[in-house]
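Letter by letter, the chains look like this.
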Amino acid sequence: MEPSPLDSPAPAEPEVETEHPAEFVAELRRVADRLPERVNIDAQSVEQGLAKLVLTLIELIRRLLEKQAVRRMEGGGLSPEQVEELGLALMKLEEKMAELKEHFGLQDEELNIDLGPIGKLI
Amino acid sequence: MSLYVYCLGDGLSGAAFEGLAGVCGSRVRVLALGSVAAVVSEPGDEAVAADEENLLAHNRVNAAALAVATPLPCRFGTRAAPERLERYVSDKGAALSSALARVRGRVEMSVKLMWKSEGRKTEVESEEGGALRAAAGGADLGAAGAGTAFLLKKRREILGEEGARRRAEEAAAWLASGLGGLAREEAVRSSPSEAIIVRAAHLVERAHVTEYRARLRALAAERADLRLLTSGPWPPYNFSDIG
């Protein structure tokens, strides 16, 4: 494969251009601070990793249930009593999730898997 | 012995990397593998820490390659034994040629979009009153108990998320349309719930980089509600389908 004559030398060094540097710097710094440290394979971190994975899936299902409940409420097919009952059940589920997250020391943003080019799971 | 691999490319020679420190301060060299060359170093068998210094070193080497010819950059942390790398290049020869042809003469440019104010996120709340009465057969849910209040709060959140996603998609579409043919290819990620709502990478002809920047400046002036950050040229990290 010969080098192509079209492959002309690169333009100058990368340049960053914005009229709002402070906001972008602050945001990008915040994102960089969230990057995970190197994973340490020990009993504690493995247990927490498993809990994180399981809770992420439960969280996904919980949010789908909430959406479904809201759609049913909007559809007008439920009586006020049924809406109240459904809401209470989902509220308790959310409270239980909060307890589990606290038990395993997990934050909300940790219960989301970054799927790369297709975005985040939740 | 395991090699740390920065990129693959054609038209690369050792001269472009002379005196350049790679990850962990290792010496960078070019390994000829037939028609394709790999830019590599030997930082030792320890895992390369994903810290600022090494990340910058990884990009510095790829940027040096970009100054000579557009390479196919590898993901940070890519390692391979010499014989395995040779086999990979040999097995994937046609695919690599095609991937190199895709980026040849082009560079990656990046655009990030942020909303100018947080106000847009809350506009959905104002339309709630009428919609709530329609729910549950016209019953006045606003006066009901804790469970109903919980569902109403969730409805607000869901509507807010859907609105934010729609607006982020519209912003991404506006950007793509405004750039027209200047971006030969694009890789776009929308994150409506985050401050930076769109992260777009564009594959741009080297000869059109100045025009691309000027077009973005003009686009930025069109939208008072959006803030743009442009950067580049970068090695085509988002258009290099190799490890």
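Note that the structure is predicted; figures quoted are calculated from it, not measured.

Some remarks on the overall build of chain B
And then number 1: The helix and strand tally for chain B stands at six helices and nine strands.
And then number 2: Counting across all 243 residues of chain B, residues that qualify as buried make up 49%.
And then number 3: Looking at chain B alone, contacts between residues at least 24 apart form 76% of all its contacts between residues at least 6 apart.
And then number 4: Looking at chain B as shown, the accessible area adds up to about 10,800 Å², and 49% of this sits on carbon and sulfur atoms.

A short note on the overall build of chain A
And then number 1: Across its full length, chain A carries three helices and one strand.
And then number 2: The linear arrangement of helices and strands in chain A, starting from the amino end, is β-α-α-α.
And then number 3: Buried positions account for 20% of the 122 residues belonging to chain A.
And then number 4: Put simply, 67% of the contacts in chain A that link residues at least 6 apart link residues at least 24 apart.
And then number 5: When the accessible surface of chain A is split by element, carbon and sulfur atoms take 59% of a total near 8,700 Å².

Thoughts on the packing of aromatic side chains
Residue and element names in this part refer to chain B.
And then number 1: On inspection of all chains with the given rule, the structure shows two aromatic pairs over all chains.
And then number 2: These aromatic residues form a ring-pair network of at least three members: Tyr4, Tyr6 and Phe76.
And then number 3: A cation over an aromatic ring shows up here: Arg223 above the ring of Trp174, its NZ or CZ 5.0 Å from the ring centre.

Things to note about the nonpolar core
Residues and elements named next belong to chain B.
And then number 1: Within the largest apolar cluster, 23 residues are counted, with the highest numbers of intra-cluster contacts made by Leu113, Leu175, Ile197, Tyr212, Leu216 and Leu226.
And then number 2: Residue assignment for this core shows that the elements contributing at least two residues are strand E6 (106-115), helix H5 (146-179), strand E8 (196-205), helix H6 (209-222) and strand E9 (226-234).
And then number 3: Among the elements that line this core, the one with the most residues is H5, at six residues.
And then number 4: Leave out the neighbours within four places in its chain, and Ile197 touches Leu113, Met114, Trp115, Ala168, Ala171, Arg189, Ser190, Ser191, Pro192 and Leu226.

A word on unusual backbone geometry
Residue and element names in this part refer to chain B.
And then number 1: With omega at 5°, the peptide bond leading from Gly232 into Pro233 counts as cis.
And then number 2: With respect to the helices and strands, the residue Pro233 is situated in strand E9.
And then number 3: Residue Cys24 is not a glycine yet carries a positive backbone phi of 55°.
And then number 4: Structurally, Cys24 can be placed in the loop between strand E1 (3-9) and strand E2 (28-33).

Some words on the confidence of the model for chain B
Residues and elements named next belong to chain B.
And then number 1: Put simply, chain B has an average pLDDT of 88, and 88% of its residues get 70 or more.
And then number 2: Contacts from residues 121-127, a stretch scored under 50 in pLDDT, to residues over four places away or in other chains number nine contacts.
And then number 3: Scored as a complex, the prediction yields pTM 0.77 and ipTM 0.72.

Things to note about the pattern of salt bridges
All names here are of chain B.
And then number 1: Inspection of every chain in the model, using the stated rule, returns 23 salt bridges over all chains.
And then number 2: With a shortest N-O distance of 3.2 Å, Asp241 and Arg102 are connected by a salt bridge. Placement of Asp241 in the segment after E9 and of Arg102 in helix H3 (residues 93-103) is noted, with a sequence separation of 139 residues between them.
And then number 3: For the salt bridge of Glu205 with Arg184, the shortest nitrogen-to-oxygen distance reads 2.8 Å. Residue Glu205 is found in strand E8, and its partner Arg184 is found in the loop between H5 and strand E7 (185-190); the two are separated by 21 residues along the sequence.

Overview of helix H3 (residues 80-103) of chain A
Residues and elements named next belong to chain A.
And then number 1: For H3, which comprises 24 residues, the first-to-last C-alpha distance of 35 Å matches the rise-based estimate of 34 Å (1.5 Å per residue) to within 8%.
And then number 2: Restricting attention to buried positions, one finds in H3 the residues Val83, Glu84, Gly87, Leu90, Met97 and Lys101.
And then number 3: At the exit of H3 stands Gly105, carrying a positive phi of roughly 65°.

A short note on the environment of Glu84 of chain A
And then number 1: Along the chain, Glu84 of chain A falls in helix H3.
And then number 2: Glu84 of chain A gets classed as buried once you look at its relative accessible area, which sits at 18%.
And then number 3: Along the primary structure Glu84 of chain A and Leu53 of chain A are separated by 31 residues, whereas in three dimensions their C-alpha atoms are 31 Å apart.
And then number 4: Apart from the residues within four sequence positions on either side, Glu84 of chain A is in contact with Gly145, Ala146, Gly147 and Thr148 of chain B.

Some thoughts on the sheet that holds E8 of chain B
In a beta sheet, neighbouring strands pair by backbone hydrogen bonds and run either parallel or antiparallel.
And then number 1: A sheet is described by the order of its strands in space; here five strands give the open sequence E1(A)-E9(B)-E6(B)-E8(B)-E7(B), paired in antiparallel fashion. Two strands close off the open sheet at either side, each with one partner strand: strand E1 (15-18) of chain A together with E7 of chain B. Ignoring strand direction, the axes of neighbouring strands in this sheet form an average angle of 15°.
And then number 2: Across nine bridges, the pairing between E6 of chain B and E8 of chain B is antiparallel. Each bridged residue has a counterpart across the sheet, and for Leu113 of chain B the counterpart in E8 of chain B is Val198 of chain B.
And then number 3: On the sheet, H5 of chain B packs against E6, E7, E8 and E9 of chain B and is oriented at approximately 20° with respect to E8 of chain B.

A few points about the confidence of the model for chain A
All names here are of chain A.
And then number 1: The pLDDT averaged across chain A works out to 78; a share of 72% of its residues lies at or above 70.
And then number 2: H3 holds the highest mean pLDDT among the elements of chain A, 94, whereas helix H1 (residues 21-33) holds the lowest, 75.
And then number 3: Counting contacts from residues 1-7, a segment whose pLDDT is below 50, to residues more than four positions away or on other chains yields 16 contacts.

Basis of the calculations
- Residues numbered from 1 in each chain as written.
- Chains lettered and ligands numbered in written order.
- Predicted model: local features only at pLDDT ≥ 70, side-chain atom pairs only at ≥ 80, totals over all residues.
- Heavy atoms only, no water.
- Helix = DSSP H or I, 4+ residues; strand = E, 2+ residues; numbered from the N terminus.
- Buried < 20%, exposed > 50% of the residue type's maximum accessible area, 1.4 Å probe, protein only.
- Contact = heavy atoms within 4.5 Å.
- Areas by Shrake-Rupley, 256 points an atom, 1.4 Å probe, with all protein chains shown as cover.
- Phe/Tyr/Trp six-rings, centres within 6.5 Å; stacked < 30°, edge-to-face > 60°.
- Lys NZ or Arg CZ within 6 Å of the ring centre and 35° of its normal.
- Core = buried A, V, L, I, M, F, W, Y, C linked by side-chain atoms within 4.5 Å.
- pLDDT = per-residue confidence, 0-100.
- Salt bridge = Lys/Arg side-chain N within 4 Å of Asp/Glu carboxyl O.
- Expected span 1.5 Å × (residues − 1).
- Pairing = 2+ DSSP bridges.
- Axes fitted to C-alpha atoms, helices over the stretch in contact; angles between N-to-C directions.

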